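# Tertiary structure, described
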Amino acid sequence: LRNRLRCAMLLDSLFSVSVFKSNVLPVEAVLGSLVPILRARKVIIKSIQTTPDSSLAKKSLSDKNALLDRLSSIVKERISKYRCKHELLSSDTSLKASVEIFEEISH
């Protein structure tokens, strides 16, 4: 769980405003990362809901909540504010990404 938190911090820096403005990160990478992040959030939410009441579980619950908050922040504060240039985005890429995102959200 701690490693996942570290990875989330790396994602947070990867999706920073400066990286987005520099156009170093391909559009496909941004769109392709959204569904795995949404899936991870869903798994963590289910895990939080099934956490037993014990002192060890409470420590784990705290870490899970921190990870959930970090992933939610990445989606809400970073990826959702990403604006790509139209010439960098193909219609096939955007259509595929929107279908995948919609399917993930609707399940």
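Here's what I pulled together on the structure shown here. Only a predicted model underlies this, so the values are computations on that prediction, with no experimental measurement involved.

A count of helical and extended segments in the chain gives five helices and zero strands. Ordering the α and β elements of the chain from the N terminus gives α-α-α-α-α. Dimensions of the chain along its principal axes, counting C-alpha atoms only, are 55 × 30 × 20 Å. Burial statistics for the chain: of 107 residues in total, 29% are counted as buried. Within the chain, contacts between residues at least 6 apart in sequence are counted, and of these 77% link residues at least 24 apart. Accessible area of the chain: about 7300 Å², with a carbon and sulfur share of 59%. Taking the average place of the 18 positive charges on the side chains of the chain and the average place of its 11 negative ones, the gap between the two points comes to 7 Å.

Another point: the packing of aromatic side chains. Under the defined criterion, the tally for this structure stands at one aromatic pair. Between the aromatic rings of F15 and F20, the centroid separation amounts to 5.9 Å while the plane-to-plane angle is 35°, which identifies the pairing as tilted. Exposure remark for F20: the relative accessible area of 12% places this residue in the buried category.

With that out of the way, let us pick up the packing of helix α3 (residues 27–49) against helix α5 (residues 91–106). The geometry of a pair of packed helices is captured by two quantities: the angle between their axes and the separation between those axes. The contact between α3 and α5 brings their axes to 10 Å, and the two run at 5°. In terms of their interaxial angle, α3 and α5 are classed as roughly parallel. The segment α3 lies against α5, with E28, L31, L34, V35, L38, R39 and K42 engaging T93, A97, E100, I101, E104 and I105. Taken together, the residues of the contact of α3 with α5 break down into seven nonpolar, one polar and five charged.

What counts and what doesn't
Residues numbered from 1 in each chain as written. Predicted model: local features only at pLDDT ≥ 70, side-chain atom pairs only at ≥ 80, totals over all residues. Heavy atoms only, no water. Helix = DSSP H or I, 4+ residues; strand = E, 2+ residues; numbered from the N terminus. Buried < 20%, exposed > 50% of the residue type's maximum accessible area, 1.4 Å probe, protein only. Contact = heavy atoms within 4.5 Å. Areas by Shrake-Rupley, 256 points an atom, 1.4 Å probe, with all protein chains shown as cover. Lys, Arg positive; Asp, Glu negative; His and termini not counted. Charge placed at Lys NZ, Arg CZ, Asp CG, Glu CD. Phe/Tyr/Trp six-rings, centres within 6.5 Å; stacked < 30°, edge-to-face > 60°. Axes fitted to C-alpha atoms, helices over the stretch in contact; angles between N-to-C directions. Parallel < 35°, antiparallel > 145°, perpendicular 65-115°, else oblique. Nonpolar A, V, L, I, M, F, W, Y, C, P; charged D, E, K, R; others polar.

Coordinates in, geometry out; function isn't part of it.
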